[in-house]
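Chain by chain, the residues run as shown.
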Amino acid sequence: MDAKTIETAIRDCGLPGRLVGLDGKLILIDVLDETSERLERQSLGVSEFCDLVLDWRARLAARKTSPTAARPEPVPATTAA
């Protein structure tokens, strides 16, 4: 997997991170930790990187299909007296 393919995968799946570089067979990426809002540098093999991308896509899909995220709570109508 080359750098351009990895950058495209990160961008297309909406992963909050960026490619730092390639080190032999390792992919070095900075990923935003949602809880602490800090960047974490990770060294991943190709298989681990693919798992990360697939897990992230599944998480995004679950957010989009959750009932609370799909529709905002309706505002109660007020009647004039």
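For the structure itself, consult the block above.
Residues numbered from 1 in each chain as written. Predicted model: local features only at pLDDT ≥ 70, side-chain atom pairs only at ≥ 80, totals over all residues. Heavy atoms only, no water.

Chemist: Residues and numbers for the packing of helix H1 (residues 3–13) against helix H2 (residues 46–65), please.
Modeler: Two elements in contact, H1 and H2, have axes whose closest approach is 10 Å; the angle formed by their N-to-C orientations is 15°. By the angle class used here, H1 and H2 are roughly parallel. For H1 against H2, the interelement crossing comes out left-handed. On the side of H1, the interface is formed by Ile6, Ala9, Ile10 and Cys13, while H2 contributes Phe49, Val53, Trp56, Arg57 and Leu60. Considering only residue class, the contact of H1 with H2 consists of 8 nonpolar, no polar and 1 charged. (Axes fitted to C-alpha atoms, helices over the stretch in contact; angles between N-to-C directions. Helix = DSSP H or I, 4+ residues; strand = E, 2+ residues; numbered from the N terminus. Parallel < 35°, antiparallel > 145°, perpendicular 65-115°, else oblique. Left-handed = near helix turned anticlockwise from the far one by under 90°. Contact = heavy atoms within 4.5 Å. Nonpolar A, V, L, I, M, F, W, Y, C, P; charged D, E, K, R; others polar.)

Chemist: Requested: an account of the sheet that holds strand E3 (residues 38–44), with residues and values cited.
Modeler: Strand order in the open sheet formed by 3 strands is E1-E2-E3, and the pairing between neighbours is antiparallel. Edge positions in the sheet fall to strand E1 (17–23) and E3, since each has one partner strand and no second. Sheet twist, expressed as the average angle between the axes of neighbouring strands with direction ignored, equals 20°. Strand direction decides the pairing type here: strand E2 (residues 26–33) and E3, joined by 7 bridges, are antiparallel. Bridge pairing in E3 links isoleucine 27 to leucine 44. In the packing of H1 onto the sheet, contacts are made with E1 and E2, and the angle to E1 comes to roughly 160°. Helix-sheet contacts for H2 involve E2 and E3, and the interaxial angle to E3 is about 140°. (Pairing = 2+ DSSP bridges.)

Chemist: I'd love a proper account of the pairing of E2, names of residues and values included.
Modeler: In the sheet, E1 pairs with E2 via 6 bridges, with the strands oriented antiparallel. When the sheet's bridge partners are listed, aspartate 23 is paired in E2 with leucine 26. Hairpin remark: E1 followed by E2, antiparallel, with 2 residues in the connecting loop; positive phi at glycine 24, about 65°. Taking the residues that link successive antiparallel strands as the turn, the E2-E3 hairpin has 4 residues, and the phi of glutamate 37 there is positive, at about 55°.

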